[in-house]
Amino acid sequence: AWGTQHEANSRMLVLTQLLPVLQRAVPALSGAQGVTVLQQGFLRLQSLPQELYAALQPHGAIAALPALGASPDDLLQLQMPGDTDPVYVALEYKTTFPFVPARPGKAGKETAAVQPTDGAYRYEGGKKSPAKLLPMHYAQMQLQMLTLQSMGRPVQWCVHLQYTVEKTEVRVVPFDME
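Residues numbered from 1 in each chain as written. Predicted model: local features only at pLDDT ≥ 70, side-chain atom pairs only at ≥ 80, totals over all residues. Heavy atoms only, no water.

Here's the deal with the overall build of the protein
We apply this condition: Strands here are runs of E lasting at least two residues and helices are runs of H or I lasting at least four, both read from the DSSP assignment and numbered beginning at the N terminus. For every residue, the accessible area (1.4 Å probe, protein chains only) is compared with the maximum for its type, and the residue is labelled buried under 20%, exposed over 50%, or partly exposed between those bounds. In this analysis, two residues are considered to be in contact whenever any of their non-hydrogen atoms come within 4.5 Å of each other. Note that accessible areas follow from Shrake-Rupley with a 1.4 Å probe, and for residues the cover is restricted to the protein chains shown.
When its secondary structure is counted, the protein shows 4 helices and 10 strands. Each helix and strand of the protein, ordered N terminal to C terminal, gives the series α-β-β-α-α-β-β-β-β-β-β-α-β-β. For the protein, buried positions account for 34% of its 178 residues. Contacts in the protein between residues at least 24 apart in sequence constitute 64% of all its contacts with a sequence separation of at least 6. Summed over its atoms, the accessible surface of the protein is roughly 10500 Å², and 56% of this surface lies on carbon and sulfur atoms.

Here it is as structure tokens:
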């Protein structure tokens, strides 16, 4: 619920402030015009790239795969000068829940607990985002880009926005077939 409510804050940052940051991080996107943010639902993987299919097929792994797909939070569509086809960048928003379960401690002070006894939470200011991109988020973004590519949208980057009420960290993750 926390992440869903703050997804709109991340989207507003994208609309108002992300393009200059993205252009510094990915020089190939300098000069982009006609920026549009497209909302996405669940997208089903249409086909695997030939290299990946060839690597999995001899081991019988293709038949064992369930239906795969991904749901990027948004898709940034950029129009580059002189190009008729747009450039796409996947967007993934993550939010840090800044509260911890609380229970009464010694002398009436609150202490963190694994399970709150009464459903109470306390604000833990300064709760930091992970210093590095979590492996599960990296894998999620790679699958998002692969899925979008299988649908004819040549996505080469995914922007990971780690939103907190105090600041937002932006990481640009390139597509990696490996």
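Things to note about the environment of D176
Our working definition: What qualifies as a polar contact is a pair of N or O atoms within 3.5 Å, subject to a donor-acceptor requirement within protein and to the restriction that residues adjacent in sequence count only when both atoms come from side chains.
Relative to the helices and strands, D176 is located in the segment after β10 (168–174). Accessibility expressed as a relative area gives 35% for D176, which makes it partly exposed. As a C-alpha pair, D176 and Q142 span 34 residues in sequence and 7.0 Å in three-dimensional space. Among all residues touching D176, those that are not within four sequence positions of it are Y138 and Q142. Of the polar contacts made by the side chain of D176, one reaches the side chain of Y138; its length is 3.4 Å.

Side note on the nonpolar core
The criterion, for reference: Among buried residues, those of type Ala, Val, Leu, Ile, Met, Phe, Trp, Tyr and Cys that are joined through side-chain atoms within 4.5 Å constitute a nonpolar core.
If you look at the biggest cluster of nonpolar residues, it comprises 16 residues, and the most contacted ones within it are L22, L29, L76 and V89. At the level of elements, α1 (2–25), β4 (74–79), β5 (87–95) and β9 (155–163) are the ones that each hand at least two residues to this core. If one sorts the elements of this core by residue count, β5 sits on top with 4 residues. In terms of nonpolar packing, the next biggest core, distinct from the first, is built from 14 residues, L43, A90, V155 and F175 among them.

Section: the layout of surface pockets
What counts, and what does not: Detection works on a 1 Å grid of protein atoms alone, calling trapped sets that fit a 1.4 Å probe cavities and calling open sets with protein on both sides within 12 Å along at least five of seven lines pockets, with lining residues defined by an atom within 4 Å of a point. Grid points are joined across faces, edges and corners, and a volume is the space filled by probe spheres set on the points. The classification used treats Ala, Val, Leu, Ile, Met, Phe, Trp, Tyr, Cys and Pro as nonpolar, Asp, Glu, Lys and Arg as charged, and all other residues, Gly among them, as polar.
The volume enclosed by the largest pocket comes to roughly 220 Å³. What lines the largest pocket is simply L45, L48, L52, L68, Y138, Q142, L143, L146, F175, D176, M177 and E178. It is helix α4 (residues 135–150) that contributes the most residues to the lining of the largest pocket, 4 residues altogether. Taken together, the residues of the lining of the largest pocket sort by class into 9 nonpolar, 1 polar and 2 charged.

Some details on the sheet that holds β10
Put simply, the rule is: At least two DSSP bridges between two strands are needed for those strands to be called paired. What counts as an axis is a line fitted to C-alpha atoms, over the stretch in contact for a helix, and the angles between N-to-C directions run from 0 to 180 degrees.
A sheet is described by the order of its strands in space; here 5 strands give the open sequence β1-β4-β5-β9-β10, paired in mixed fashion. What marks the edges here is a single partner per strand, and that holds for β1 (33–39) and β10. Each strand axis lies, on average, 25° off the axis of its neighbour in the sheet, ignoring direction. Direction of pairing for β5 relative to β9: parallel, over a ladder of 8 bridges. Paired with A90 across the bridge in β9 is C158. Against the sheet, α4 touches β4, β5, β9 and β10, its axis set at about 140° to β9.

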